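Coordinate inspection notes
As a plain string of letters, each chain reads:
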Amino acid sequence: MARERATALLVDFDGVLRRWDPAVAADVERRYGLSEGVLGEIAMSWGLLQPVLTGQVSHAEWVASVADALTPSAGSPERARAAVEEWQRYRGEVDQDVLGFIREVRAAGVRVGLGTNATDLLDADLAALGLTDELDVIVNSSVVGVHKPAKEYFQAACEALETPPARVLFTDDEDRAVRGARAAGLSAHRWSGHSDLRYLRAALAY
């Protein structure tokens, strides 16, 4: 039996719509005498990351916890805080090709949601990057209280899009999120780059 064509699109933020230049973190690490990759390693450690992605702690509290964990490497709490705060001032860059695709899809009448594991800084980030009015729905894990790839997250996303799971197409650059979306009944495509836009256009009913 053929699958229903998607009538709504759910797009991941980091790795799809927003890109991060690794040179920024590398420059901070070099200037503060830190080992390469340590900022990301500490910040993305699940014990620190999971609470902020589910709204149990704020972005500011998470940043403070990262600085605390970095203190032994930085040499002092002050240097650790300074390094983390400098690193955090960079908020990434919009992938203009993906944004153009989103605009095209919305102009055709397809609802587009942003499906992201994010902190309570997300709204400020969207405003700073000029994205506030570029999406119909924002599904932030820290607001929902559960993160991708949980089935409950995708259920909340479909409810926000006012579209049944079978009619939602999701794209993400992480395999776990893609598998989670499929388990929740959505169509899902692993994002690997701009060449995927042709497939996404073909999969949507417009």
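Quick notes on the rules
Residues numbered from 1 in each chain as written. Predicted model: local features only at pLDDT ≥ 70, side-chain atom pairs only at ≥ 80, totals over all residues. Heavy atoms only, no water. Buried < 20%, exposed > 50% of the residue type's maximum accessible area, 1.4 Å probe, protein only. Helix = DSSP H or I, 4+ residues; strand = E, 2+ residues; numbered from the N terminus. Arc of directions from axis to C-beta. Contact = heavy atoms within 4.5 Å. Pairing = 2+ DSSP bridges. Right-handed = clockwise from strand over helix to strand, strands pointing away. Salt bridge = Lys/Arg side-chain N within 4 Å of Asp/Glu carboxyl O.

This paragraph deals with helix α9 (residues 151-161). Of the residues making up α9, those classed as buried are Tyr-153, Phe-154, Ala-157, Cys-158 and Leu-161. Viewed end-on, α9 has its buried residues packed into an arc of 135°, placing them on one side of the element. On its buried side, α9 packs onto β1 (8-11), β4 (111-116), β5 (137-140), α8 (141-144), β6 (168-172) and α10 (175-183). Just downstream of α9, Glu-162 is the residue with a positive phi angle, here 55°.

This part takes up the pairing of β6. β6 sits mainly inside the fold: 5 of its 5 residues count as buried. What you see with β6 is no split at all: Val-168, Phe-170 and Asp-172 on one side and Leu-169 and Thr-171 on the other are buried throughout. Bridge count for β1 against β6 is 4 bridges, and the pairing is parallel. The partner of Ala-8 across the bridge, within β6, is Val-168. With 4 bridges connecting them, β6 and strand β7 (residues 187-190) associate as parallel partners. The residue of β7 that forms the bridge with Asp-172 is Arg-190. Handedness of the β6-α10-β7 crossover: right-handed.

Going through the model one piece at a time under the given rule, you end up with 13 salt bridges. Across the pair Arg-31 and Asp-27 runs a salt bridge, and its minimum N-O distance is 2.9 Å. Of the two residues, Arg-31 and Asp-27 both sit in helix α1 (residues 22-31), 4 residues apart, roughly one turn of that helix. Its relative accessible area of 44% is what places Arg-31 among the partly exposed residues. Each of Asp-14, Arg-18, Arg-91 and Asp-125 takes part in a single network of salt bridges with overlapping partners.

In this chain, Lys-148 is followed by Pro-149 through a cis amide linkage whose omega measures 10°. Along the chain, Pro-149 turns up in the loop between α8 and α9. One non-glycine residue, Glu-162, lies in positive phi territory at about 55°. Mapping Glu-162 onto the fold places it in the loop between α9 and β6. Judged by relative accessible area, which is 67%, Glu-162 ranks as exposed.

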